[in-house]
Number of protein chains: 4
Amino acid sequence: MHRLALDHYEPHARDTLSAQAYAYVSGGAGHGAAIRRNREAWGRVLLDPALGRRLRDLDCGLDLFGRRYRFPCLVAPMAYQLLAHPDGERATALAAAAQGAGFVLSCQTSLPPDQVAAGPFWFQLYLQPDRRATRALVEAAIAAGAEALVVTMDAPLNGIRNAEIDAGFALPDGVRPVMLDALPAQASRQAENPIAGAMAAAPDWADLATLCAEVALPVLAKGVMSPASARAALEAGCAGVIVSNHGGRVLEGLPATAQVLPQIRAAFPHALILVDGGIRSGEDLFRALALGADAALLGRPVFYALALGGAQGVSTCLRRLHDEFAVTMGLMGCERLAEITAERLYRPEVT
Amino acid sequence: MHRLALDHYEPHARDTLSAQAYAYVSGGAGHGAAIRRNREAWGRVLLDPALGRRLRDLDCGLDLFGRRYRFPCLVAPMAYQLLAHPDGERATALAAAAQGAGFVLSCQTSLPPDQVAAGPFWFQLYLQPDRRATRALVEAAIAAGAEALVVTMDAPLNGIRNAEIDAGFALPDGVRPVMLDALPAQASRQAENPIAGAMAAAPDWADLATLCAEVALPVLAKGVMSPASARAALEAGCAGVIVSNHGGRVLEGLPATAQVLPQIRAAFPHALILVDGGIRSGEDLFRALALGADAALLGRPVFYALALGGAQGVSTCLRRLHDEFAVTMGLMGCERLAEITAERLYRPEVT
Amino acid sequence: MHRLALDHYEPHARDTLSAQAYAYVSGGAGHGAAIRRNREAWGRVLLDPALGRRLRDLDCGLDLFGRRYRFPCLVAPMAYQLLAHPDGERATALAAAAQGAGFVLSCQTSLPPDQVAAGPFWFQLYLQPDRRATRALVEAAIAAGAEALVVTMDAPLNGIRNAEIDAGFALPDGVRPVMLDALPAQASRQAENPIAGAMAAAPDWADLATLCAEVALPVLAKGVMSPASARAALEAGCAGVIVSNHGGRVLEGLPATAQVLPQIRAAFPHALILVDGGIRSGEDLFRALALGADAALLGRPVFYALALGGAQGVSTCLRRLHDEFAVTMGLMGCERLAEITAERLYRPEVT
Amino acid sequence: MHRLALDHYEPHARDTLSAQAYAYVSGGAGHGAAIRRNREAWGRVLLDPALGRRLRDLDCGLDLFGRRYRFPCLVAPMAYQLLAHPDGERATALAAAAQGAGFVLSCQTSLPPDQVAAGPFWFQLYLQPDRRATRALVEAAIAAGAEALVVTMDAPLNGIRNAEIDAGFALPDGVRPVMLDALPAQASRQAENPIAGAMAAAPDWADLATLCAEVALPVLAKGVMSPASARAALEAGCAGVIVSNHGGRVLEGLPATAQVLPQIRAAFPHALILVDGGIRSGEDLFRALALGADAALLGRPVFYALALGGAQGVSTCLRRLHDEFAVTMGLMGCERLAEITAERLYRPEVT
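Thresholds applied
- Residues numbered from 1 in each chain as written.
- Chains lettered and ligands numbered in written order.
- Predicted model: local features only at pLDDT ≥ 70, side-chain atom pairs only at ≥ 80, totals over all residues.
- Heavy atoms only, no water.
- UniProt positions renumbered as here; feature names shortened; annotations may be inferred.
- Helix = DSSP H or I, 4+ residues; strand = E, 2+ residues; numbered from the N terminus.
- Rg over C-alpha atoms; globule rule 2.2 N^0.38 Å.
- Contact = heavy atoms within 4.5 Å.
- Areas by Shrake-Rupley, 256 points an atom, 1.4 Å probe, with all protein chains shown as cover.
- Phe/Tyr/Trp six-rings, centres within 6.5 Å; stacked < 30°, edge-to-face > 60°.
- Buried < 20%, exposed > 50% of the residue type's maximum accessible area, 1.4 Å probe, protein only.
- Lys NZ or Arg CZ within 6 Å of the ring centre and 35° of its normal.
- Buried area = accessible area lost by both parts, 1.4 Å probe.
- Salt bridge = Lys/Arg side-chain N within 4 Å of Asp/Glu carboxyl O.
- Polar contact = N/O pair within 3.5 Å; in protein donor to acceptor, adjacent residues only side chain to side chain.
- Nonpolar A, V, L, I, M, F, W, Y, C, P; charged D, E, K, R; others polar.
- Expected span 1.5 Å × (residues − 1).
- Disulfide = S-S within 2.5 Å.
- Least-squares fit on C-alpha atoms with pLDDT ≥ 70 in both.
- Pairing = 2+ DSSP bridges.
- Axes fitted to C-alpha atoms, helices over the stretch in contact; angles between N-to-C directions.
- Right-handed = clockwise from strand over helix to strand, strands pointing away.
- Arc of directions from axis to C-beta.

In the annotation of an unreviewed UniProt entry, chain A is listed under the name Alpha-hydroxy-acid oxidizing protein and assigned to Rhodobacter flavimaris. We quote the UniProt Cofactor (unreviewed entry) comment for chain A here in full: "FMN". According to UniProt, the comment filed for chain A under the heading Sequence similarities (unreviewed entry) is "Belongs to the FMN-dependent alpha-hydroxy acid dehydrogenase family."

This is the structure:
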């Protein structure tokens, strides 16, 4: 078992990153209550192991869109990974491939996708005000090998992150959203008036449906926090949804993803449902699956591990999560992901 | 987005204000539990955004008594603003007008109303033991341009604020309740025996009804914390109520305003209901409206901003609140205040 | 309003008292959870004021056993007050009389009752293994003027107070339980084997009934924490009960007195019910009455005030409580104690 | 009453033990939430004393498998006690015998059982992949005098204990699992690949049933945290179960033992049920019995006391627990263990 637990990367990375970059990555909407809420909600999920089972063939692999992943984990889309390390997104993608985890490339990548792809990857995008811009992003991603699209629906505007504002974060020289910069001029997400203008260009479900109809790749809607939003996304043609409050970065008052996940799973028993937000251990990952997720995305710890050790750092981090998850499956008496159900959750009797 | 979040003004102002003035302004009844309760209650209100809406014309303006405000926010009545800055109430009123917020002048103003009025304003008063004194206050306010009256019903006595008592607060030279000083001699609110005497002169609902009948301006009752009090105020002829626990300054054991607001709104679906207490961000303001308020009042942050930067400080503070509120509306998928309803509140399923 | 709030006496007294005496007085069973539970439970009791009432004649006086007290407060029985001040119990009794509060003399008094009595007082006792010893205590108290008896039923053994044990508390020279010392030799409460021996001599309800039958004074049972115990006490002939967990000193796991008080009042709507434990403000005293108590006892703050300032210290402390209580009554719209009912409690709607 | 409360041993032992040994003993799964959950859950169990009972013959003795113990407490099985003191398990066993407590020897003992046995003891074991190895362990234990077997069912793998991993714990020279070392070579619990290999060798209920059928001693299953697991153990032929989450060492998300104990007792009203996890006072022990346990096991405080003072340290620690328990029984009005029932628990009325 590698030394560093997943939440031990943050204090180390804090020393490595610039104060501005750290504030940008670590910060949450407002004073960060949604980040804490995410973490605490996993901690309240209690477990009920199936003791006394001999597990002849413990396997935590996941099949998704025809790919096999070594465990049900993907690296979440994160912007500007050159902030963390000179190898940026390339290092992260390499580590994910080495550890059998998925990798989602952000459309705010600081390296072009053809320099990043080290294995199978998905591509995250914001629907652009100009459809041609959206199409240009998608085509570039497909050309680099993207196997699925993740459309972020919860952030037509940047959230108000006090720590980031206090630190006066701005992109340093040499770090740019290279894919967005390459787009034809349009109203950009960094517009001066952050509100009315941006909202007038915000994507709606019809835009998402158009995209789903136009591309051959599976599309997942990210930022879904209610059965109603999940329904809209699935009806628009999405192959699945990602339950996410954007790592607590958009609205401080969003519930924890662990709170809403069971409701969404109950409403759509057969849908593909992923989740992110605050997962920091193999037990958290197990809890996510027991609450109804098919897989989970891991964000900030990967960014911090990248800052600390480049591809090797990320690889170590993902390996630790894999090992913890496998141990948890063993201790819980589960041989396959399919056995990780709500029956493995402790439910107090109310008398 | 301006740098300082609304709750960042307090530590700065603490360095600027005298220890006595800081204790007076910041303190709450007892050890301040009601202040903390107010803050924490907003933090427990979770949100359910309407994703995937293109908002062609996001507008957070409010119409009230024939006036249009840029956003649903008024500066709460606060006494003795010369404690904070040599420009006192004048600076605050100017900033409110500049930012399109309402302004409520306290009858304990340290500047006469005709020196303060910089735009539309409301006037807060305590009903005086002597009706002629009440009338004199109201007439002076109307002469200066007041457009509505706010009658504080919850503080016939000063609350017991330990921090203020410990600090030995007393008005410094040059700071006086100039309107009250100008009244004909009567039992004043600063009487030596703080209890029986004051209570014998405390206003009742009949006094309020008399006032409502006598003045042409709309009257709002402030300090309402229950449907029963709201009913009494509305039956007395009030145009609306302000749900308030006096910023936690009168009784330590009052519930948070966010706790009682939904009950009062449910009891009076069509009444004008404002709220104050612990609002420190655009998300808090959004929560207030989603719980049933038509608008909210902002208190201490304005006082602290005044201490830090006079009119400019208050203006910056109010602008920040406006911008945060507009961003929140956008992220929540609301184009107009009328769309901010209880449907935008996350309600956990109880199973 | 005097400067020191009631819970501000403790840190000052900590500097005045010896470490051993402080550990003895301040300590609670185990690590003190029951002390904290008492305090926190009052803090959770929220209030619903009756606004808009003119109170012509606010009066917080209480009639009890033919006496009128200025407000519904008695000084709780506390042992060894010479530990706090050379004037010991005499100073406390004097201050209580001066402020119109009741005074309960402990049978572990460090001064003989005839040197203490400064006004009306009650006498607290433990039933002794030897009935003649009990009778001797009672007769001495009556001779000194005791007007009621308080029989402590919850402490046949000393509780295990870690802080006191750690500090190695022992009575210093010159401080003795003078009334107990004067008794004929019998198994004392400070026996070497603290358990089986003491329990074999523990009082039962029949002993209490015997006492009630034998003495002309009203008898109150102290330490009642359930309707069942209250029933036993009342059936034994008691004139009332004192809901108390012994200031958190006997068992760490007892509920807060504010938790059990409403159940006991509901079971015995017409009984005389007093309460103690964690009351530190006029609002707490108001809450106690609203939850069903007729009056409350105040313990540790009095001991600390005695340490700080003798009779003057205790007087100031009691006066502050009185004034806070009167202000609270005024702010809550209550003219008489009888108006302090459960209707003045805020009860959240559960939806 | 001896000076040190049970949870006061830990800080002292921290100074005595090596950092590695301390991390090994004190650490819990993940960041230790299950350890804290255990402690806090006992603290939430509130008590309802039976006042006014004269207890002529207070006795806290327990009869179990034909033995009489002075109080319902056993020393929990703990590995490698030579880490704490040169006398290791021998000292602990001696102290337990001296104080009339039970003693459970771990199969990971660092001294051979025949050098340890100082009185009646039980033997804890993990079922080994090779049945002959299991039999060899059991035979050695029986030869040394073991009177019952405790089979740990909840730890086919080591939990992931961050503090222990961080400290890089490894057995120092001279400390070995001497009984396991003496087994014929087989897949050991310290295998390199901690997961799939170990799980393929994990014991199942059939293995337990085989053991129960083969040995004449009573067998208890340890690690039971649900009625389902208790049923499986009892159907396998166990004489009883030990409700345990392994001192919070295997899975961070297990509920507290105090949470699940009542459900298991309710499901099996007549079974022998022991409990461990977080018991640190006589009141905690009383709570365990009131929630349904027949006896409790005490773990870490014994290890720390051993580190501090060898056999004398453990003896003092157990004596303190005994005395606290006896005082608690007295204060609660219980003369015999059989009187410690759910009627002695405070249950708030829900209105």
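Moving on from the coordinates now.
(A) View of the overall build of chain A. Regarding its fold elements, chain A presents 14 helices and ten strands. By the compact-globule yardstick of 20 Å for 351 residues, chain A fits well, its C-alpha radius of gyration being 19 Å. The C-alpha extent of chain A, read off along each of the three principal axes, is 65 × 45 × 40 Å. In chain A, of all internal contacts separated by at least 6 residues, the share reaching a separation of at least 24 is 74%. Put simply, chain A shows about 12200 Å² of open surface, and 51% of that area lies on carbon and sulfur atoms.

(B) Layout of the packing of aromatic side chains. Using the criterion set out here, one finds 16 aromatic pairs over all chains in the structure. Ring centres of Tyr24 of chain D and Tyr80 of chain D lie 6.1 Å apart, and the angle between their planes is 50 degrees; on these two criteria the pair is classed as tilted. Within this pair, whereas Tyr24 of chain D is found in helix 2 (residues 19-26), its partner Tyr80 of chain D is found in the loop between strand 3 (73-75) and helix 4 (88-99), the two being separated by 56 residues in sequence. Like Tyr80 of chain D, Tyr24 of chain D is buried. Among the aromatic residues, those joined into a ring-pair cluster are Tyr24, Tyr80 and Phe169 of chain A. Across the ring face of Tyr24 of chain D, the terminal group of Arg249 of chain D is positioned such that the distance to the ring centre comes to 4.9 Å.

(C) Region of the structure containing the interface of chain B and chain C. Facing 36 residues of chain B, the contacting portion of chain C comprises 33 residues. Both faces considered, chain B and chain C share a buried interface measuring about 2800 Å² in area, 59% of it formed by carbon and sulfur atoms. Interface area lost by chain B to chain C is led by Ile160, Ile195 and Leu251 of chain B, which between them contribute 19%. At the junction of chain B with chain C, the criterion picks out one salt bridge. Where Asp207 of chain B meets Arg54 of chain C, a salt bridge forms, and the shortest distance between an N and an O atom there is 2.4 Å. At the boundary of chain B with chain C, the tally comes to ten residue pairs in polar contact (both at pLDDT 80 or more). Every element with two or more residues in the side of chain B that touches chain C is listed here: helix 7 (162-167), helix 9 (196-200), helix 10 (205-214), strand 7 (219-224) and helix 12 (257-267) of chain B. Class assignment for the residues of the side of chain B that touches chain C results in 19 nonpolar, eleven polar and six charged.

(D) Fine view of helix 4 (residues 88-99) of chain A. Residues and elements named next belong to chain A. Between its terminal C-alpha atoms helix 4 stretches 17 Å, which fits the 16 Å expected from twelve residues at 1.5 Å a residue. Packed against the buried residues of helix 4 are strand 3 (73-75), strand 4 (102-105), helix 5 (113-116) and helix 14 (300-332). In the segment just after helix 4, Gly100 is the residue with positive phi, at about 75 degrees.

(E) Region of interest: the state of the cysteines. A complete count under the given rule lists zero disulfides over all chains for this structure. There is no disulfide at Cys107 of chain A, and the cysteine sulfur nearest it, in Cys238 of chain A, is 16 Å away. Here Cys238 of chain C is not disulfide-linked; the sulfur of Cys212 of chain C is the nearest cysteine sulfur, at 4.0 Å.

(F) Structural detail: the relation of the copies chain D and chain A. The two copies are related by a screw motion: chain D maps onto chain A through a turn of 90 degrees and a shift of 0.0 Å along the axis, at an RMSD of 0.0 Å. Between the two chains, the operation in question is that of a four-fold axis.

(G) Quick peek at the sheet that holds strand 4 (residues 102-105) of chain B. All names here are of chain B. Strand order in the closed barrel formed by eight strands is 3-4-5-6-7-8-9-10, with parallel pairing between adjacent strands. Going from strand to strand, the sheet's axes swing by 30 degrees on average, the running direction of each strand aside. Strand direction decides the pairing type here: strand 3 (residues 73-75) and strand 4, joined by two bridges, are parallel. Bridge pairing in strand 4 links Val75 to Phe103. Sheet strands in contact with helix 12 are strand 7, strand 8 (240-243) and strand 9 (272-276), and its direction is about 175 degrees off that of strand 9.

(H) How the structure looks around the pairing of strand 4 (residues 102-105) of chain D. Residues and elements named next belong to chain D. A two-sided burial pattern is seen for strand 4, the buried positions comprising Gly102 and Val104 on one face and Phe103 and Leu105 on the other. Considered for its hand, the β-α-β crossover made up of strand 3, helix 4 and strand 4 is right-handed. With two bridges joining them, strand 4 and strand 5 (residues 121-125) adopt parallel strand pairing. Looking at strand 5, one finds that Val104 is bridged to Trp122.

(I) Region of interest: the sheet that holds strand 9 (residues 273-276) of chain C. All names here are of chain C. An order of 3-4-5-6-7-8-9-10 is seen for the eight strands of this closed barrel, with the pairing classed as parallel. Across the sheet, the mean angle from the axis of one strand to that of its neighbour is 30 degrees, orientation sign disregarded. Packed on one face of the sheet, helix 6 (residues 131-144) meets strand 5 (121-125) and strand 6 (146-152) and runs near 170 degrees to strand 5. Helix 10 (residues 205-214) contacts strand 6 and strand 7 (219-224) of the sheet and is inclined by roughly 155 degrees relative to strand 7.

(J) Quick peek at helix 6 of chain C. Residues and elements named next belong to chain C. With 14 residues, helix 6 extends 20 Å from end C-alpha to end C-alpha; this agrees with the ideal 20 Å at 1.5 Å per step. Of all the positions in helix 6, only Ala133, Thr134, Leu137, Val138, Ala141 and Ala144 are classed as buried. For helix 6, the buried positions fall inside an angular range of 135 degrees around the axis, keeping them on one side. Turned more than 90 degrees off the buried face of helix 6, the exposed positions are Arg132 and Ala143. Where the residues of helix 6 are buried, they touch helix 5 (113-116), strand 5, strand 6, helix 8 (178-181) and helix 10. Capping the start of helix 6 is the job of one residue whose side-chain oxygen sits 2.8 Å from the backbone nitrogen of Arg132: Asp130.

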